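Descriptive analysis of the structure
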Amino acid sequence: GHELCGAVKAAQLPGKLLKRGPAALSEVMLDLKELLDQQRFKSLDDDRAIDREAVTTNVSKQVEALTRDEGIMAKVASRELLMV
């Protein structure tokens, strides 16, 4: 994850707008939108703080998903893949 990530920023747009894109892209963006806890961001006033919180949330959720994947974790266990 990185600050000012365009995908994370776009995922914060209304779902109606996200559905206007190509089907595959819309699906990915809506999935990403679902991962973000936008209610938590509403208490933040600073756009940079919102961005950082959204990116951090995305990274955390992606790591959680990876750790639930048996194939990924098998590679980690065999030291074929390193998670840092």
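Please refer to the structure higher up on the page.
To start, this report covers the structure provided alongside it.

Here is what the cut-offs are and how they apply
Residues numbered from 1 in each chain as written. Predicted model: local features only at pLDDT ≥ 70, side-chain atom pairs only at ≥ 80, totals over all residues. Heavy atoms only, no water. Salt bridge = Lys/Arg side-chain N within 4 Å of Asp/Glu carboxyl O. Helix = DSSP H or I, 4+ residues; strand = E, 2+ residues; numbered from the N terminus. Buried < 20%, exposed > 50% of the residue type's maximum accessible area, 1.4 Å probe, protein only. Polar contact = N/O pair within 3.5 Å; in protein donor to acceptor, adjacent residues only side chain to side chain. Contact = heavy atoms within 4.5 Å.

**What to know about the pattern of salt bridges**
The full count for this structure, using the stated rule, is 2 salt bridges. Close ionic contact of R48 with E3 constitutes a salt bridge, the shortest N to O distance being 3.0 Å. Placement of the pair is R48 in helix α5 (residues 47–67) and E3 in the segment before α1 (6–11), with a sequence separation of 45 residues. R48 gets classed as partly exposed once you look at its relative accessible area, which sits at 41%. Across the salt bridge formed by K75 and E80, the nearest N and O atoms sit 3.3 Å from each other. Residue classification places K75 among the partly exposed residues on the basis of a relative accessible area of 37%. Overall, the relative accessible area of 59% leaves E80 in the exposed class.

**Some details on the side chain of S26**
Of note, S26 is situated in helix α3 (residues 23–35). Only 2.6 Å separates the side chain of S26 from the backbone oxygen of L18, close enough to count as a polar contact. From its side chain, S26 meets the backbone oxygen of G21 in a polar contact 3.1 Å long. Excluding its chain neighbours within four sequence positions, the residues that come into contact with S26 are L18, K19, R20 and G21.

None of the figures reported here should be taken as evidence of function without further support.
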